[in-house]
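Listed below are the residues making up each chain.
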Amino acid sequence: MKKTFLVLMLMVAASANASAQEVDYDKRNLHIFCASHLALLSDSLTEEGDVYKALVFMSDTHGDEARKMGATETHFSDVTRYLKTVRNNNKGKWDRLTSRSRDVCLPGS
């Protein structure tokens, strides 16, 4: 009887813990995209400029949020590699991604 009760308590605790740690993967992936895209955009700017500083700040903010949701450096490097390929090989798609980034990654856009 004590074993059954203990097992039930552990199952309830595990279930509560799992639901408390559920990750919104769409939101996490959006933060990964924003951090990666904004970092690439900032690479093309002069480091002293206000736009550069703002993009780096926003990239870092999105990156921190994604990491809180379980994103790893592999996630960021995979997305960055993809974005670099698009930037170098498909101007139309790069422009669409940049437009999307402006809409969802920057506050007040």
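Residues numbered from 1 in each chain as written. Predicted model: local features only at pLDDT ≥ 70, side-chain atom pairs only at ≥ 80, totals over all residues. Heavy atoms only, no water.

### Some words on the overall build of the chain
When its secondary structure is counted, the chain shows 5 helices and 0 strands. Taken from the N to the C terminus, the helices and strands of the chain come in the order α-α-α-α-α. Of the contacts made within the chain by residues no fewer than 6 positions apart, 68% connect residues no fewer than 24 positions apart. Summed over all atoms, the accessible surface of the chain reaches about 7,700 Å², with 57% contributed by carbon and sulfur. (Helix = DSSP H or I, 4+ residues; strand = E, 2+ residues; numbered from the N terminus. Contact = heavy atoms within 4.5 Å. Areas by Shrake-Rupley, 256 points an atom, 1.4 Å probe, with all protein chains shown as cover.)

### Remarks on helix H3 (residues 50-68)
Given a rise of 1.5 Å per residue, 19 residues ought to cover 27 Å, and the 27 Å separating the end C-alpha atoms of H3 matches this to within 8%. Listed as buried for H3 are Tyr52, Leu55, Met58, Ser59, His62, Gly63 and Ala66. Seen from one end, H3 has its buried residues packed into an arc of 135 degrees, which puts them on one side. Exposed side chains of H3 directed beyond 90 degrees from the buried face belong to Asp50, Phe57 and Lys68. Packed against the buried residues of H3 are helix H2 (25-43), helix H4 (73-89) and helix H5 (91-105). Where H3 terminates, the next one or two residues include Gly70, which has phi positive at roughly 100 degrees. (Expected span 1.5 Å × (residues − 1). Buried < 20%, exposed > 50% of the residue type's maximum accessible area, 1.4 Å probe, protein only. Arc of directions from axis to C-beta.)

### Things to note about the pattern of salt bridges
Should their charged atoms come close, side chains of opposite charge can pair. If you walk through the whole model with that rule in mind, you get 5 salt bridges. Here Lys68 and Glu65 are joined by a salt bridge, their closest N and O atoms 3.1 Å apart. Note that Lys68 and Glu65 are positioned in helix H3 at a spacing of 3 residues, about one turn of the helix. Judged by relative accessible area, which is 30%, Glu65 ranks as partly exposed. Linking Arg81 and Asp78 is a salt bridge whose minimum nitrogen-to-oxygen distance equals 2.6 Å. With Arg81 and Asp78 both in helix H4, this residue pair falls 3 residues apart, about one helical turn. Put simply, Asp64, Arg67 and Glu73 are held in one network by salt bridges that share partners. (Salt bridge = Lys/Arg side-chain N within 4 Å of Asp/Glu carboxyl O.)

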